[in-house]
Amino acid sequence: MNPREEIIDLFDRLPDEIVLSIFNKLHDAKSLCLSMSACKRFHSIVPKVDEVFLSIPWKRGKECEEISSKNSFKNIVGRALMRFKPIRFISRMMKFRSRNENNDSTHYVLNDALKHFDELRALHLRLPCHRFQKLGSRNGENGSNSTTFLKWKAEFGSQLQGCVIVGAKSWSERCENHEDKSGEAERGSEQESRVMTEAELKLRIVWTLSCLIAASARYYLIQETVKDRKMVENVVVSDESEQGMICLNREQIEEMKELGKGGILTDCRSLRTKIWYAEKMELPGCGKVMEGATLVVIRPDSGGEGKWRGRSNADLVAAAFRGEGEDKVVGEFARKLVVIKKCVTLEMNAF
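Residues numbered from 1 in each chain as written. Predicted model: local features only at pLDDT ≥ 70, side-chain atom pairs only at ≥ 80, totals over all residues. Heavy atoms only, no water.

### Topic: a negative patch on the surface
Turning to step 1, where the next piece is worked out: The grouping of Asp50, Glu51, Asp118 and Glu119 at the surface amounts to a negative patch.
Turning to step 2, where the next piece is worked out: Assignment of secondary structure puts Glu119 in the loop between helix 6 (85–114) and strand 2 (122–127).
Turning to step 3, where the next piece is worked out: For Glu119, a relative accessible area of 35% translates into the label partly exposed. (Patch = residues over 30% accessible without salt bridge, like charges linked within 9 Å, V, L, I, M, F, W, Y side chains within 5 Å. Areas by Shrake-Rupley, 256 points an atom, 1.4 Å probe, with all protein chains shown as cover. Salt bridge = Lys/Arg side-chain N within 4 Å of Asp/Glu carboxyl O. Lys, Arg positive; Asp, Glu negative; His and termini not counted. Charge placed at Lys NZ, Arg CZ, Asp CG, Glu CD. Helix = DSSP H or I, 4+ residues; strand = E, 2+ residues; numbered from the N terminus. Buried < 20%, exposed > 50% of the residue type's maximum accessible area, 1.4 Å probe, protein only.)

### Re the nonpolar core
Turning to step 1, where the next piece is worked out: Judged by nonpolar contacts, the single largest core of 49 residues is most densely connected at Ile222, Ile246 and Leu248.
Turning to step 2, where the next piece is worked out: Ile246 has contacts with Trp152, Ala154, Phe156, Ala215, Arg218, Tyr219, Ile222, Val235, Val236 and Val237, leaving out every residue within four places of it along the chain.
Turning to step 3, where the next piece is worked out: Of all hydrophobic cores here, the second largest spans 23 residues; its members include Val164, Met281, Met290 and Val329. (Core = buried A, V, L, I, M, F, W, Y, C linked by side-chain atoms within 4.5 Å. Contact = heavy atoms within 4.5 Å.)

### Structural notes on the environment of Ala113
Turning to step 1, where the next piece is worked out: Inspection of the secondary structure puts Ala113 in helix 6.
Turning to step 2, where the next piece is worked out: A relative accessible area of 21% means that Ala113 is categorised as partly exposed.
Turning to step 3, where the next piece is worked out: When the C-alpha atoms of Ala113 and Ala29 are compared, they prove to be 7.5 Å apart, with 84 residues separating the residues in sequence.
Turning to step 4, where the next piece is worked out: If near-sequence neighbours (up to four positions away) are discounted, Ala113 is found in contact with Cys33 and Leu54.

### Section: the confidence of the model for the protein
Reading predicted coordinates in detail is not appropriate for stretches of low pLDDT.
Turning to step 1, where the next piece is worked out: With 67% of its residues at a pLDDT of 70 or more, the protein has an overall mean of 76.
Turning to step 2, where the next piece is worked out: For residues 61–69, every residue scores under 50 in pLDDT, and the model assigns this stretch one contact once sequence neighbours within four places are set aside.
Turning to step 3, where the next piece is worked out: Residue range residues 96–103 is modelled with pLDDT below 50. Its contacts to residues more than four positions away, or to other chains, number zero contacts. (pLDDT = per-residue confidence, 0-100.)

### Overview of the state of the cysteines
Turning to step 1, where the next piece is worked out: Counting across every chain of the model gives zero disulfides.
Turning to step 2, where the next piece is worked out: Cys211 carries a free sulfur, and the closest cysteine sulfur to it, the one in Cys163, is 6.1 Å from it. (Disulfide = S-S within 2.5 Å.)

### Some thoughts on the packing of helix 10 (residues 313–320) against helix 11 (residues 326–338)
A pair of packed helices can be characterised by two numbers: the angle between their axes and the separation between those axes.
Turning to step 1, where the next piece is worked out: At their nearest, the axes of helix 10 and helix 11 sit 9 Å apart, and the two run at 170° to each other. The angle between helix 10 and helix 11 places the two elements in the roughly antiparallel class. Contacts from Asn313, Ala314, Val317 and Ala318 in helix 10 reach Ala334, Arg335 and Val338 in helix 11. (Axes fitted to C-alpha atoms, helices over the stretch in contact; angles between N-to-C directions. Parallel < 35°, antiparallel > 145°, perpendicular 65-115°, else oblique.)

### Some points on the packing of aromatic side chains
Turning to step 1, where the next piece is worked out: Per the counting criterion, the structure on display carries four aromatic pairs.
Turning to step 2, where the next piece is worked out: Arranged with centres 5.2 Å apart and planes meeting at 85°, the rings of Phe23 and Phe42 form a pair that is edge-to-face. With Phe23 in helix 1 (residues 16–24) and Phe42 in helix 3 (residues 40–45), this residue pair connects regions lying 19 residues apart in the sequence. Neither Phe23 nor Phe42 differs from the other in exposure class; each is buried. (Phe/Tyr/Trp six-rings, centres within 6.5 Å; stacked < 30°, edge-to-face > 60°.)

### Considerations on the sheet that holds strand 2
Turning to step 1, where the next piece is worked out: Strands sit in the order 1-2-5-6-3-4-8-7-9 across an open sheet of nine strands; the sheet is mixed. Across the chains shown, the open sheet's two edge strands, defined by having one partner strand only, are strand 1 (51–55) and strand 9 (344–348). Each strand of the sheet is rotated relative to its neighbour by a mean of 15°, with strand direction disregarded.
Turning to step 2, where the next piece is worked out: In this sheet, strand 2 lies alongside strand 1 in parallel orientation, the contact comprising five bridges. Across the sheet, residue Phe53 finds its bridge partner in strand 2, namely His124.
Turning to step 3, where the next piece is worked out: Where helix 10 meets the sheet, it contacts strand 3 (147–156), strand 4 (160–173), strand 7 (271–283) and strand 8 (288–300), and its direction lies at approximately 115° from that of strand 8. (Pairing = 2+ DSSP bridges.)

### What to know about the pairing of strand 5 (residues 234–239)
Turning to step 1, where the next piece is worked out: Counting buried positions over the six residues of strand 5 gives five, a clear majority of the element.
Turning to step 2, where the next piece is worked out: Pairing analysis gives six bridges linking strand 2 to strand 5, with the strands arranged parallel. Following the sheet pairing, Leu125 is matched in strand 5 by Val237.
Turning to step 3, where the next piece is worked out: Sheet topology places strand 5 next to strand 6 (residues 244–248); three bridges connect them, and they run antiparallel. Bridge pairing in strand 6 links Val237 to Ile246.
Turning to step 4, where the next piece is worked out: Hairpin remark: strand 5 followed by strand 6, antiparallel, with four residues in the connecting loop; positive phi at Glu242, about 60°.

Below is the structure:
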């Protein structure tokens, strides 16, 4: 073989359609952007990818420690100067301005990362979480302590169309050593054990409000991201802990764009909230146990729009948590909770 003979790259023989289908399986925005810098051919093909997954990183670890150490001297001097009212006023104005700049910078980061993808149809954003911990994991050593569990899914159009929340004070493995003959009878009556106390109801209301606030913040974020993209048909915004998710289809995205043209978000219509509760619930098939198991279904007082209109709460719960792994387990708990006869109904006049 002649050493000067040019080596033929067989990948170059593949047609552009095949290469594009390969990139469409990649999804990851970072990997796709790196592929664009490999060669001119990839640089022209990658922007045609129609589905992208973008994970937004979180500053943590050494970066945070370095920032805090650099600011330690500033904090000491700042506390001394804060005794003077004019300096205190100027400081508050600067903090307010920097806070607004930080909030807007997220939109610039997203737009900069997605600017190359001109034919984007499906987008999945994953947001960072402070003190990230996987749902269902344990706080204590050797799995001795279980954690509070909270998982939700919301859908928006021009406004909130519906939200389903599953929560529990404890999410743990079933202890087989405490099983006895009366276990079946206990499991049969666990759903009707007792109603919530006032303190337990307040905790569930706090869960509900926190989920609605998180869902609304993600809705605002995605509104700024897709407002100038005409081809987007499906958007999902989740988080690193896999706790919550908002989803929008093509019709809902168009409603959101029409609302955004006015520049001001209108108040949400009245919402009806139903809460189901069980003191203890377990699934023998998967060995999971929920203490204080709770299901919350939120929908507009009118019954909802689109695919939410005319559907029962059981149908909405079944559609919210489906799939494999943890979603399948959560869905089974939700289906057991929604058939409980006793439930609490609340109404929100505006949100």
